[in-house]
Amino acid sequence: MTNGVFDVAVLVGSLRKESFNLKLAKAMQQVAPQNLKLEVVEIRELPLYNEDLEADAPAAWTAFRDAIRSKDAVLFLTPEYNRSVPGALKNAIDVGSRPYGKSVFTKKPAAVASLTGGALGAFGANHHLRQSLVFLDMPTLQMPELYLGGAAKMFDADGSFAQDSTKELIVKFLTEFASWIETTRQK
Ligand SMILES: Cc1cc2nc3c(=O)[nH]c(=O)nc-3n(C[C@H](O)[C@H](O)[C@H](O)COP(=O)(O)O)c2cc1C
């Protein structure tokens, strides 16, 4: 926390350059309440988790763990792959959760939003992710839920939300998340 502002790691579950979830992260940065600083923490360079590598942990793992450790909270933005969490995001979770007993996620407040081009709002990915967050012992915002479909029509050319109603929903979500961090974070 810096000057009353919560530092939030944003983990984007897509590696695509034109990712809608990355666009969502950027649009969220534009409308976030003043006490929430959202920063995307990259997951694309993380080698696949393999416990054998812990003896001489890859630099990318260490940098990722340090980045999460330095934040007050984590916001997960995920697409849905085959009704579940994309492998890249699951790998980031696995990397951050180890070595055993040294998870960087423990007790960090979290929130989940899922976004897909499809109609179902990536509900399957959202809830599979929540299953991991229980085991990671992350107090996770329950309401409002955020299942977003129709990604292709969500953003204007400049990256802002095309509909005021979407913007209002996102502002409400982020405002509730800021309150949730205030309530649940480790002092
Ligand atoms: C391997 C794969 C599996 C997918 N499975 C689903 C799915 O189960 N449900 C869904 O709504 N969309 C599915 N999609 C579509 C993605 O959710 C969609 O492409 C989305 O825009 C990806 O997010 P991004 O734009 O942030 O990269 C799948 C896409 C890929 C590449």
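Please refer to the structure placed before this passage.
The sections below set out a description of the structure shown in this document.

What counts and what doesn't
Residues numbered from 1 in each chain as written. Predicted model: local features only at pLDDT ≥ 70, side-chain atom pairs only at ≥ 80, totals over all residues. Core = buried A, V, L, I, M, F, W, Y, C linked by C-beta atoms within 7 Å. Buried ≥ 20, exposed ≤ 12 C-beta atoms within 10 Å, placed from the backbone. Helix = DSSP H or I, 4+ residues; strand = E, 2+ residues; numbered from the N terminus. Contact = placed C-beta atoms within 7 Å. Near = placed C-beta within 6 Å. Nonpolar A, V, L, I, M, F, W, Y, C, P; charged D, E, K, R; others polar. Pairing = 2+ DSSP bridges.

## What about the nonpolar core?
Counting residues in hydrophobic clusters, the biggest one holds 47 residues, and the most contacted among them are V8, V10, L11, V74, L75 and L77. Where this core is concerned, the elements lending two or more residues are β1 (6–12), α1 (20–31), β2 (36–40), β3 (73–78), α3 (87–97), β4 (110–115), α4 (123–135) and α5 (164–184). Dropping the residues within four chain positions of it, V10 is found in contact with A25, L38, E39, V40, V41, L75 and L77.

## Topic: unusual backbone geometry
The amide bond that connects R98 to the next residue, P99, takes the cis arrangement and shows omega of 0°. Among the secondary structure elements, P99 is positioned in the loop between α3 and β4. Cis geometry marks the peptide bond from M143 to P144; its omega dihedral reads 0°. Looking at where P144 falls in the secondary structure, it is placed in the loop between α4 and β5 (147–148).

## A look at the site of the ligand
The local shell around the ligand holds 16 residues, among which S14, S19, N21, P79 and G118 are the closest. In terms of residue class, the shell around the ligand is made up of six nonpolar, seven polar and three charged.

## Side note on the sheet that holds β2
The strand order β2-β1-β3-β4-β5 describes an open sheet built from five strands, whose pairing is parallel. Single-partner strands in this sheet number two, and they are β2 and β5.

## Brief notes about the environment of A60
Checked against the element boundaries, A60 lands in helix α2 (residues 59–69). Judged by local crowding, A60 falls into the partly exposed class, with 15 C-beta atoms found within 10 Å. Once residues within four sequence positions are removed from consideration, A60 is found in contact with E45, L46 and P47.

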